[in-house]
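One letter stands for each residue in the lines below.
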Amino acid sequence: MNTNNQLLSKNNLPIPFAKRNVGPLGYFFVWVGLAVIIATFALGGDGVQTMNLGWVLLACFLANLALGFFISATGDIGIEHGLTFPVYMRAPFGVFGTHLPTLIRAVLGSFWFGIQTYFGALAINYIFMYFTGFDSWLFWYVVFAAVQVINTAFGFKAVERFANIAAPSIIIISIYLYIRLEGIATADGINVWNTVLGSEGTTGFVWNTFIVLFFINMAFWSTAASDSQNLTRHVRTTRFEKRWWKRNQNALMGHMVALPLTQSAMIIIGGVSMIAVNNWNPVEAIQSISTGMVLLVMLVLVVFAQWSTNAASNLLTPAIVFSDIFPKVSYAGGVVITGILGSVIQPWALMEALTEFLNVMSSVYSAIVGVVVADYYILRKRRINVTDLYKKDGQFSYAKGWNLAGLFALVAGVGMAAIFSSYAFLVGFAASLVVYYFLAKYWWFKKYKQAEIEEQHPDKYLGTTDGRDWVLDEQSNEVVSVKTAGASMDKVI
């Protein structure tokens, strides 16, 4: 390992084809566990104030289906090249500029870690208060945070193993909650699918509510739309497969199936809970409808739900970012930093401003996604000079480490999304994509030539599509291209 090259560490090397061992079912379970956010229940509860549950559900399902496509699009970077989010971002932002968007992602991930851990701690505290009388949510917050940090520090395989336990648990609790809550509503003569709680509401379609729910739902997982390669780089794929959907089919099980279905289930439960017991919060709802061992089991499953989300999204990605920014910090060290940061800022105190926070978050991530799509698909045609991503003086060093086309596009995307906040994700995405494309193509890349573009997109810059891995050469201390031809592997000079 080249200790003099801070761009290169054992934490950020591409994952070779042979070491990608997560299959479709495993990835499906990762996303079932990952997609459970307590705040999603609040959207269901808010939605049924002005529109019936069927329309609320449709807004959520369509939003997450659309978002699943964006996640899959950026996730191809991990499938094709095995790269992490911070390393790839050196291409559209520069070897130093990458720290701006990735650090934003890390801080916001830490924010969500704190929120999810808080809700899990409340559930644990209620369990012990109910059975022993001990009451201290802060104590259980510290314990729960520590357990999650330790689990995630062991790497993605440990995250996947836990997801295999958590995902079935989440499915069970979802079914149980729905049956119990609908039963309570039915006993009171209420049809949960044809009820609107607001005094001026209608059981029909309400455009304003529908569009707000659609874009807020997109905001929830706009994070993964920017950095999904951190997950997809672990997913099994097929060599020499040129068809995009076929190459990404295992990953699609998570993004296009598990995500929309899980988020839709959370929306339904939040809406039904609000209608049945006038409370969207499932932790409090469980306490009001369950007793004894049933209560214990349900609350344990709530804890599993928060744990699985934090491990796969709110700890793993920030840890990768921190270890990339600070090369002396290991991945495990990055996990610890994330846990501490997410706790110190006490994000649960800001839950009242959740909608506003989500709009800001969506504007940032949508702009990042627009830049990535323009850079990876439109300009580079999925080719990337991976070896230079790890060189201080390579083609991605640009102007003192900054790609100004990416920076200006990010600012433009965030600004436009803020102006048109009701449509933040799509507006931010479109604005940054257009600005980056024109600035990069007709200005920045005229000054700083890109080999994969100048050479008319040769296949030697492809990864799995051309049977190629990117590995560390111990003698030269550089990342090099290694191509598979049948059973043999020959280094490509």
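Here the residue numbers are simple positions, counted from 1 along each chain's written sequence. Local features in this predicted model are restricted to residues of pLDDT 70 or higher, and side-chain atom pairs are both shown and tallied only at a pLDDT of 80 or more, whereas totals for entire chains, interfaces and linings draw on every residue. The side-chain quantities take in all heavy atoms of the structure and omit both hydrogens and water.

Looking at an unreviewed UniProt entry, one finds the protein chain named NCS1 family transporter and attributed to Siminovitchia sediminis. UniProt positions are given in the numbering used here, feature names are shortened, and annotations may be inferred rather than shown by experiment. Reading the Sequence similarities (unreviewed entry) entry of the UniProt record for the protein chain gives the comment "Belongs to the purine-cytosine permease (2.A.39) family." On record in UniProt, under Subcellular location (unreviewed entry), the comment for the protein chain is "Membrane".

Engineer: Describe the packing of aromatic side chains, naming the residues involved and giving the relevant values.
Structural biologist: Two measures describe an aromatic ring pair: the distance that separates the ring centres and the angle between the ring planes. What counts as a ring pair is set by centres within 6.5 Å for rings of Phe, Tyr and Trp (its six-membered ring), and what kind of pair is set by the plane angle: stacked under 30 degrees, edge-to-face over 60, tilted for all other angles. This model, assessed by the stated rule, comprises 35 aromatic pairs. Seen from their ring centres, Phe 69 and Phe 70 are 6.1 Å apart, and the 70° between their planes marks the pair as edge-to-face. Ring centres 4.1 Å apart and planes at 25° place the aromatic pair Phe 162 and Trp 307 in the stacked group. Of the two residues, Phe 162 is situated in helix H8 (residues 156–187) and Trp 307 in helix H15 (residues 292–325); the sequence distance between them amounts to 145 residues. Across this residue pair, the class does not change: Phe 162 and Trp 307 are buried. Ring-pair connections join several aromatic residues into one group, and the members of that group are Phe 396, Tyr 398, Phe 408, Trp 443, Trp 444, Phe 445 and Tyr 448. We count a charge as sitting over a ring when the NZ of a lysine or the CZ of an arginine lies within 6 Å of the ring centre and within 35 degrees of the ring normal. The ring of Tyr 390 is capped by Arg 90, whose NZ or CZ atom sits 5.6 Å from the centre of that ring. The way it works is that DSSP assigns letters per residue, a run of H or I at least four long becomes a helix, a run of E at least two long becomes a strand, and they are numbered from the N terminus. Summary of the burial criterion: residues with accessible area below 20% of their type's maximum are buried, those above 50% are exposed, and those between are partly exposed, where the area comes from a 1.4 Å probe applied to protein chains only.

Engineer: Go over the layout of surface pockets with me, naming the residues and quoting the values.
Structural biologist: Its volume calculated, the largest pocket comes out at about 530 Å³. Cavities and pockets are defined on a 1 Å grid built over the protein atoms alone: a cavity is a set of grid points where a 1.4 Å probe fits but cannot escape, while a pocket is an open set with protein on both sides within 12 Å along at least five of seven lines, and lining residues are those with an atom within 4 Å of any such point. Along the walls of the largest pocket sit 20 residues, with Lys 10, Asn 11, Ile 15, Arg 233 and His 234 positioned nearest its centre. Only H15 and strand E1 (468–473) provide two or more residues apiece to the lining of the largest pocket. Tallying contributions element by element places E1 first for the lining of the largest pocket, with 3 residues. Residue composition of the lining of the largest pocket, by class: 11 nonpolar, 6 polar and 3 charged. Grid points are joined across faces, edges and corners, and a volume is the space filled by probe spheres set on the points. Each residue is assigned to one of three groups, with Ala, Val, Leu, Ile, Met, Phe, Trp, Tyr, Cys and Pro labelled nonpolar, Asp, Glu, Lys and Arg labelled charged, and all others, Gly among them, labelled polar.

Engineer: So what's going on with the packing of helix H1 (residues 24–34) against helix H13 (residues 249–277)? Which residues, and what values?
Structural biologist: Lines fitted to C-alpha atoms define the axes, with helix axes restricted to the stretch in contact, and inter-axis angles between N-to-C directions lie between 0 and 180 degrees. Closest axis-to-axis distance for the H1/H13 pair is 8 Å, and the angle between their directions is 35°. As H1 packs across H13, the resulting crossing turns out to be right-handed. Where H1 abuts H13, its residues Pro 24, Tyr 27, Phe 28, Trp 31 and Val 32 lie against Asn 250, Ala 251, Met 253, Gly 254, His 255, Val 257, Ala 258, Leu 259 and Thr 262. Of the residues contributing to the contact of H1 with H13, the split by class is 10 nonpolar, 4 polar and no charged. By convention the crossing between two helices is left-handed if the near helix lies anticlockwise of the far one by an angle smaller than a right angle, and right-handed if it lies clockwise. We call two residues in contact when some of their heavy atoms are within 4.5 Å.

Engineer: Explain unusual backbone geometry residue by residue, including any values.
Structural biologist: Despite not being glycine, Lys 381 shows a phi value in the positive range, around 55°. Structurally, Lys 381 can be placed in the loop between helix H17 (354–379) and helix H18 (386–389). When its relative accessible area of 38% is taken as the criterion, Lys 381 is described as partly exposed. Of note, Arg 382 is a non-glycine position whose phi angle comes to about 70°, a positive value. Locating Arg 382 in the fold gives a position in the loop between H17 and H18. Since its relative accessible area comes to 12%, Arg 382 is described here as buried.

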